[in-house]
Amino acid sequence: MRDVTLENIFKHRIAQKFLNRSGMAHAIAVAYHSFNLAREQGQDVDIAAKAGFLHDMGHYTWYRNGKWDYELYRKNDIHAIKGAERAHKLLIRLGENPVKAKTIALAILFHTDSFLPTNDIVRTPMQEIVKLADEKDEEEGGMHHYRKIEYDRAMKSIIRLDKMIDDILEKENPGQNL
């Protein structure tokens, strides 16, 4: 049995605050992409989905004159650093296994290289999964952060993904995830 589900995370006020800021529809899409990539590559689907879901919770709102300024974001943003910290703190508070929480936080930290001075980072398979999942859902000019999803639909999507994760984990470890 998992210590923390996506539903536990989704319902938490901190997750709601920061994921709604950066785009809940995008967070859910990246969680699904991460799950699918992890399943295809034989990686931990639970860790992948959680990292994908939380990957942008460090975004700051870069506005100028009341409008999103993509260039300010590209020049100054360190959302991966802040997001890794926020996600780790949230996961530990919710009771996540500390090793999993650290792995998730590091996947969030390295899901982008926009804050790094060079582009020569070597990622773990999990870090690469979250990076690729994010890129699969990106839209030009950061517009993926503006897609909307109703709360009820988002909750149903999260519950469905939790079930998919539980089904995979049950197949891998029969009887241990009850």
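Read on for an overview of the structure. (Residues numbered from 1 in each chain as written. Predicted model: local features only at pLDDT ≥ 70, side-chain atom pairs only at ≥ 80, totals over all residues. Heavy atoms only, no water.)

We now examine the packing of aromatic side chains. Counted by the stated rule, this structure contains 1 aromatic pair. Ring geometry for Phe10 and Tyr151: centres 5.2 Å apart, planes at 40 degrees, overall tilted. Placement of Phe10 in helix H1 (residues 6-11) and of Tyr151 in helix H9 (residues 151-172) is noted, with a sequence separation of 141 residues between them. The exposure class assigned to Tyr151 is partly exposed, which follows from its relative accessible area of 43%. Over the ring of Phe18 we find Arg86, and its NZ or CZ is 3.7 Å from the ring centre. (Phe/Tyr/Trp six-rings, centres within 6.5 Å; stacked < 30°, edge-to-face > 60°. Helix = DSSP H or I, 4+ residues; strand = E, 2+ residues; numbered from the N terminus. Buried < 20%, exposed > 50% of the residue type's maximum accessible area, 1.4 Å probe, protein only. Lys NZ or Arg CZ within 6 Å of the ring centre and 35° of its normal.)

Where helix H3 (residues 24-41) meets helix H4 (residues 45-54), the axes come as close as 7 Å, and the angle between the chain directions of the two elements is 155 degrees. By the criterion of interaxial angle, the relationship of H3 to H4 is roughly antiparallel. At the point where H3 passes H4, the crossing takes the right-handed sense. Every residue of H4 that contacts H3 at Met24, Ala27, Ile28, Val30, Ala31, Ser34, Phe35, Ala38 and Arg39 is listed here: Val45, Ala48, Ala49, Gly52 and Phe53. When grouped by side-chain class, the residues that make up the contact of H3 with H4 number 11 nonpolar, 2 polar and 1 charged. (Axes fitted to C-alpha atoms, helices over the stretch in contact; angles between N-to-C directions. Parallel < 35°, antiparallel > 145°, perpendicular 65-115°, else oblique. Left-handed = near helix turned anticlockwise from the far one by under 90°. Contact = heavy atoms within 4.5 Å. Nonpolar A, V, L, I, M, F, W, Y, C, P; charged D, E, K, R; others polar.)

A separate point is the pattern of salt bridges. If you walk through the whole model with that rule in mind, you get 11 salt bridges. Where Asp162 meets Arg2, a salt bridge forms, and the shortest distance between an N and an O atom there is 2.9 Å. Residue Asp162 is found in helix H9, and its partner Arg2 is found in the segment before H1; the two are separated by 160 residues along the sequence. Note on Asp162: relative accessible area 6%, which makes it buried. For Arg2, a relative accessible area of 9% translates into the label buried. Salt bridges linked by common partners bring Arg2, Asp46, Lys50, Glu96, Lys100, Asp162 and Asp166 together as one network. (Salt bridge = Lys/Arg side-chain N within 4 Å of Asp/Glu carboxyl O.)

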